[in-house]
Amino acid sequence: MQITEQDKLFMREAIRLANESVKHGGGPFGAVVVKDNQIVAGSANSVTIDNDPTAHAEVNTIRMACRKLGTFDLSGCTIYTSCEPCPMCLGAIYWAHIDRIYYGNNRKDARSIDFADDFIYDEMKRPLEERTVPIIPMLRDEALQSFRLWSEKDDKVEY
């Protein structure tokens, strides 16, 4: 895939946001969502600032982009992130239907400064009963009611 000068500008903005985040007490991660060659949203990691473990740059930026565009579907958008997305952020990117991901630093770079997410990738491969955090099924028959309601709903908005 050809990387354009425009792509480099967008990545430099994600990197700038990451640098600013570090200066203001946040983590060293930034991201921008782009649609039609325009930045729709940009944000940095604010986990420690917001006391929110989900406040990664990509998730913050996706939330902002969705609010700005008035949709949960970011098809037609690209995300530029200063680091290869962690499993949570990668999941959010896929759920948002973002078309393309560009990243700066990779997982090994992040690990070298003690941001290691390999344990999550490894954990996801393990059977439920062997995972570090117990995952205990219960009340499935009762929980299935909401799925039945969803299946029967004629005016649902699918995602």
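In case you missed it, the structure is sitting above this.
Just so you know, these numbers come straight off a predicted model, no measurement behind them.

Scoring rules and cut-offs
Residues numbered from 1 in each chain as written. Predicted model: local features only at pLDDT ≥ 70, side-chain atom pairs only at ≥ 80, totals over all residues. Heavy atoms only, no water. Pairing = 2+ DSSP bridges. Helix = DSSP H or I, 4+ residues; strand = E, 2+ residues; numbered from the N terminus. Right-handed = clockwise from strand over helix to strand, strands pointing away. Contact = heavy atoms within 4.5 Å. Phe/Tyr/Trp six-rings, centres within 6.5 Å; stacked < 30°, edge-to-face > 60°. Buried < 20%, exposed > 50% of the residue type's maximum accessible area, 1.4 Å probe, protein only. Expected span 1.5 Å × (residues − 1). Arc of directions from axis to C-beta. Polar contact = N/O pair within 3.5 Å; in protein donor to acceptor, adjacent residues only side chain to side chain. Axes fitted to C-alpha atoms, helices over the stretch in contact; angles between N-to-C directions.

**Some details on the pairing of strand 4 (residues 100-105)**
Bridge count for strand 3 (residues 77-83) against strand 4 is five bridges, and the pairing is parallel. Opposite threonine 78, over in strand 4, you have arginine 100 as the bridge partner. At this point the chain moves from strand 3, through helix 4 (residues 87-95), to the parallel strand 4, and the crossover so formed is right-handed.

**Regarding the side chain of serine 21**
Here serine 21 lies in helix 1 (residues 5-23). Among residues more than four places away in sequence, those in contact with serine 21 are Gly26, Gly27, Phe29, Ala44 and Asn45.

**A closer look at the packing of aromatic side chains**
Going through the model one piece at a time under the given rule, you end up with five aromatic pairs. Ring geometry for phenylalanine 29 versus phenylalanine 115: centroids 5.0 Å apart, planes at 90°, classification edge-to-face. Here the residue phenylalanine 29 occupies a position in the loop between helix 1 and strand 1 (30-35), and phenylalanine 115 occupies one in the loop between helix 5 (107-111) and helix 6 (118-125), the gap between them amounting to 86 residues. For phenylalanine 115, a relative accessible area of 37% translates into the label partly exposed. Between the aromatic rings of tyrosine 80 and tyrosine 102, the centroid separation amounts to 4.9 Å while the plane-to-plane angle is 5°, which identifies the pairing as stacked.

**Some words on helix 1**
Taking 1.5 Å of rise per residue, 19 residues should cover 27 Å, and helix 1 covers 27 Å from first to last C-alpha, within 8% of that figure. The complete set of buried residues in helix 1 reads Asp7, Phe10, Met11, Ala14, Leu17, Ala18 and Ser21. Buried residues along helix 1 cover an arc of 110° about the axis, so they all sit on one side. In helix 1, the exposed residues that point more than 90 degrees away from the buried face are Glu5, Leu9, Arg12 and Lys23. Here the buried face of helix 1 lies against strand 1, strand 2 (38-44), strand 3 and strand 4. Where helix 1 begins, one side-chain oxygen reaches toward the backbone nitrogen of glutamine 6, 3.3 Å away; that side chain belongs to threonine 4.

**Description of helix 4**
Among all positions of helix 4, only Pro87, Cys89 and Ile93 are buried. The buried residues of helix 4 occupy an angular sector of 165° when projected down its axis, which confines them to one face. Elements in contact with the buried residues of helix 4: helix 3 (57-69), strand 3, strand 4 and helix 6. Positive phi appears at histidine 97, one or two residues downstream of helix 4, with a value of about 65°.

**Some points on the sheet that holds strand 4**
In a beta sheet, neighbouring strands pair by backbone hydrogen bonds and run either parallel or antiparallel. Ordered by their spatial adjacency, four strands build an open sheet running 2-1-3-4, and the pairing between neighbours is mixed. Edge positions in the open sheet fall to strand 2 and strand 4, since each of these has one partner strand only. Each neighbouring strand pair of the sheet contributes to a mean axis angle of 15°, computed without reference to strand direction. Summarising the sheet, strand 1 and strand 2 pair through six bridges and their orientation is antiparallel.

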